[in-house]
Amino acid sequence: MGKVALITGVTGQDGSYLSEFLLDKGYDVHGIIRRSSVERRERIAHLERVKHFYMHYGDLTDSISLIKIIKEVQPDEIYNLAAQSHVGVSFEVPEYTSDVVATGVLRILEAVRICGLEKKCKIYQASTSELFGKVEEVPQNENTPFHPYSPYAVAKQYGFWIIKEYREAYGMFCCSGILFNHESERRGEDFVTRKITLAAARIAQGKQDKLYLGNLSSLRDWGYAKDYVECMWMILQNDEPDDYVIATGEQHSVREFCVLAFRKAGIEIEFSGEGVNEKGIDKATGKIIVEVSPEFYRPTDVVNLYGDPSKARKKLGWNPTKTSFEELIDIMVSHDMKLVEKEVGTQL
Ligand code: NAP
Ligand code: F7E
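A. Local environment of unusual backbone geometry. Each neighbour pair has its own omega, and for Val138 with Pro139 the value is -5 degrees, a cis peptide bond. As for its placement among the helices and strands, Pro139 is situated in the loop between strand S5 (122-128) and helix H5 (151-170). Positioned with a positive phi, His52 is a non-glycine residue whose angle comes to about 75 degrees. Tracing the chain through its elements places His52 in the loop between strand S2 (28-33) and strand S3 (53-57).

Right under this line is the structure:
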């Protein structure tokens, strides 16, 4: 009989790729979904009638639903991917963010104990490079001190420590993957990479005039989500439970991402000016197509993320550079060029 996995956040970017990955490996995959007034399940629509894929209504803020689902499913592995995952939004909804992102992890751990599954069930926690926040060293590895720098990051730090605590206090097999940014053609549209690739496609097709962004100098270590879900699984297959930094070991700025994405869409862009006055100009037409808007600045911003994935490479045999930065941009822009072709109307 195949193994049984339970995924929270199954409708998200990572949840959808992980479902596909685990189904391919012969797992029974159970996902927790929330009821919403407008169904937003496009990332898993193709899986809904697939054999061995099951969905359950639940919420990370609702212990009863979690206990019921875990009792019924009896999972061998839980992947806790659910979160209010937008850092900027966490400044607007800090209490809700903490409830889901911090206390939600505790609810999962306790539900597993209440169901008597603490010796059988392994747990993966979606931790984040945002823990390094106002960075204390570059690049960052498993020994770099944490300095969370947003309500989201502070909540994720609780998640990291409660996972470690339950591992040590109760001998549970629970692990955190400290994942650096990972993107894809399924990335939410309000994260900077997807916002750029969609805008590049729309501007190239005459369906948008201009793109407004925040901090163009912010530096990130961006990987491909499809490669990163493999690593989540590898972390739980290892003999010992442990925490790992998952990153590519390459760093680029938001500005650099813009130049390459627009180039892929057929537009050469040149930046001039500084801070809020910086502008991205279409070299062929002289038109300003990128501007900075303080609306997208954060009260505290994380600006220098750069991961060192040596431990994951050595201990798990994971390949951090399967998909290069340029290939990631190619995948996203090619996808969005086709998507935008089908769009009716303009976003001017
Ligand atoms: P995402 O696309 O924003 O997906 C978040 C998922 O969480 C969605 O399925 C969402 O469901 C679900 N969710 C939100 N609130 C919930 C609640 N109260 N109860 C149950 N489910 C809830 O995020 P992602 O990019 O796939 O990231 C997956 C996880 O990794 C998150 O925990 C994120 O914080 C973490 N992470 C992401 C990155 C990255 O670069 N992508 C890096 C490090 C860590 P709905 O569809 O109902 O909204
Ligand atoms: O911002 C800057 C922004 O929102 C990246 C989440 O998955 O990864 C993600 O969080 C950078 C920041 O991702 C805009 O200020 C400039 O410095 O794409 P982002 P994030 O904040 O790094 C981590 C690892 C997670 O754990 C999170 O769940 O880009 N930036 N202009 C902008 N960001 C956005 N969103 N929009 C802009 O217009």
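B. Representation of the pairing of strand S6 (residues 174-179). With six of six residues buried, S6 is to be regarded as a mostly interior element. The side-chain alternation of S6 yields two buried faces, one formed by Cys174, Ser176 and Ile178 and the other by Cys175, Gly177 and Leu179. With six bridges joining them, S5 and S6 adopt parallel strand pairing. Directly across from Ile123, in S6, lies its bridge partner Cys174.

C. Broad picture of the site of ligand 1. Neighbouring ligand 1 are 25 residues, the closest being Thr11, Arg34, Asp59, Ser85 and Tyr152. Within the side chain of Tyr96, a nitrogen or oxygen atom sits 3.1 Å from a nitrogen atom of ligand 1. Here an oxygen atom of ligand 1 and a side-chain polar atom of Lys156 are 2.9 Å apart. Within the complex, 88% of the 900 Å² of free accessible area of ligand 1 lies under protein. Taken together, the residues of the shell around ligand 1 sort by class into eleven nonpolar, nine polar and five charged.

D. View of the sheet that holds S6. In spatial order, the strands read S3-S2-S1-S4-S5-S6-S11; together these seven strands make up an open sheet with parallel pairing. Either end of the sheet is taken by a strand with one partner, and the two such strands are S3 and strand S11 (244-246). Within the sheet, the average angular offset between the axes of one strand and its neighbour, ignoring direction, is 20 degrees. Sheet strands in contact with helix H2 (residues 63-73) are strand S1 (4-8), S2, S3 and strand S4 (77-80), and its direction is about 150 degrees off that of S3.

E. Fine view of the packing of helix H8 (residues 254-264) against helix H10 (residues 325-341). It is the contact of H8 with H10, at a shortest axis distance of 9 Å, that shows an interaxial angle of 50 degrees. Taken together, the axes of H8 and H10 lie oblique to each other. Pair H8 / H10 crosses with right-handed handedness. Within the contact between the two elements, H8 uses Phe257, Leu260, Ala261 and Lys264 and H10 uses Phe325, Glu326, Ile329, Asp330, Met332, Val333 and Ser334. Here the residues of the contact of H8 with H10 sort into seven nonpolar, one polar and three charged.

F. Representation of the site of ligand 2. In the vicinity of ligand 2, 24 residues are found, and the nearest of them are Ser85, Thr128, Lys195, Ser218 and Arg298. At a separation of 3.0 Å, a nitrogen atom of ligand 2 approaches a polar backbone atom of Asp190. Here Gly214 contributes a backbone N or O atom positioned 2.8 Å from a nitrogen atom of ligand 2. Contact with the protein chains covers 95% of the free accessible surface of ligand 2, which is 700 Å². Looking at side-chain class alone, the shell around ligand 2 contains nine nonpolar, eight polar and seven charged residues.

G. The sheet that holds strand S15 (residues 288-292), seen in detail. With mixed pairing, the four strands of this open sheet are ordered in space as S8-S15-S14-S13. Two strands in the sheet have a free side with no partner beyond their single neighbour: strand S8 (211-213) and strand S13 (269-272). The mean inter-strand angle of the sheet, taken between neighbouring strand axes irrespective of direction, is 20 degrees. Taken together, the four bridges between S13 and strand S14 (residues 279-282) define a ladder with antiparallel strand orientation. Directly across from Ile269, in S14, lies its bridge partner Asp282. The strands touched by helix H6 (residues 192-204) are S8 and S15; relative to S8, the strand with the most contacts, the crossing angle is about 160 degrees.

H. Geometry of a negative patch on the surface. A cluster of acidic side chains, namely Glu250, Glu256, Glu326 and Glu327, defines a negative patch on the protein surface. Locating Glu250 in the fold gives a position in the loop between S11 and strand S12 (252-253).

I. Inspection of the pattern of salt bridges at higher detail. Summed over all chains, the structure comprises 19 salt bridges. A salt bridge links Arg41 to Glu39, with the shortest nitrogen-to-oxygen separation between them at 3.3 Å. Among the residues examined, Glu39 registers a relative accessible area of 40% and is labelled partly exposed. One salt bridge in this structure joins Asp243 and Arg167, with 3.0 Å as the shortest N-O distance. Of the two residues, Asp243 sits in the loop between helix H7 (225-237) and S11 while Arg167 sits in helix H5, which places them 76 residues apart along the sequence. Residue classification places Asp243 among the buried positions, given a relative accessible area of 6%.

J. Representation of the nonpolar core in the model. Core analysis: the biggest nonpolar cluster contains 62 residues, and Leu18, Leu22, Tyr79, Tyr124, Ile196, Ile246 and Phe262 have the highest contact counts within it. With residues up to four places along the chain from it excluded, the contact list for Tyr79 reads Ala5, Leu6, Ile7, Thr8, Leu18, Leu22, Tyr124, Met232, Trp233, Leu236 and Gln237. Within the second largest apolar cluster, 30 residues are counted, among which are Ile70, Ile78, Leu109 and Met172.

The rules behind these values
- Residues numbered from 1 in each chain as written.
- Chains lettered and ligands numbered in written order.
- Predicted model: local features only at pLDDT ≥ 70, side-chain atom pairs only at ≥ 80, totals over all residues.
- Heavy atoms only, no water.
- Helix = DSSP H or I, 4+ residues; strand = E, 2+ residues; numbered from the N terminus.
- Buried < 20%, exposed > 50% of the residue type's maximum accessible area, 1.4 Å probe, protein only.
- Pairing = 2+ DSSP bridges.
- Near = heavy atom within 4 Å.
- Polar contact = N/O pair within 3.5 Å; in protein donor to acceptor, adjacent residues only side chain to side chain.
- Areas by Shrake-Rupley, 256 points an atom, 1.4 Å probe, with all protein chains shown as cover.
- Nonpolar A, V, L, I, M, F, W, Y, C, P; charged D, E, K, R; others polar.
- Axes fitted to C-alpha atoms, helices over the stretch in contact; angles between N-to-C directions.
- Contact = heavy atoms within 4.5 Å.
- Parallel < 35°, antiparallel > 145°, perpendicular 65-115°, else oblique.
- Left-handed = near helix turned anticlockwise from the far one by under 90°.
- Patch = residues over 30% accessible without salt bridge, like charges linked within 9 Å, V, L, I, M, F, W, Y side chains within 5 Å.
- Salt bridge = Lys/Arg side-chain N within 4 Å of Asp/Glu carboxyl O.
- Lys, Arg positive; Asp, Glu negative; His and termini not counted.
- Charge placed at Lys NZ, Arg CZ, Asp CG, Glu CD.
- Core = buried A, V, L, I, M, F, W, Y, C linked by side-chain atoms within 4.5 Å.

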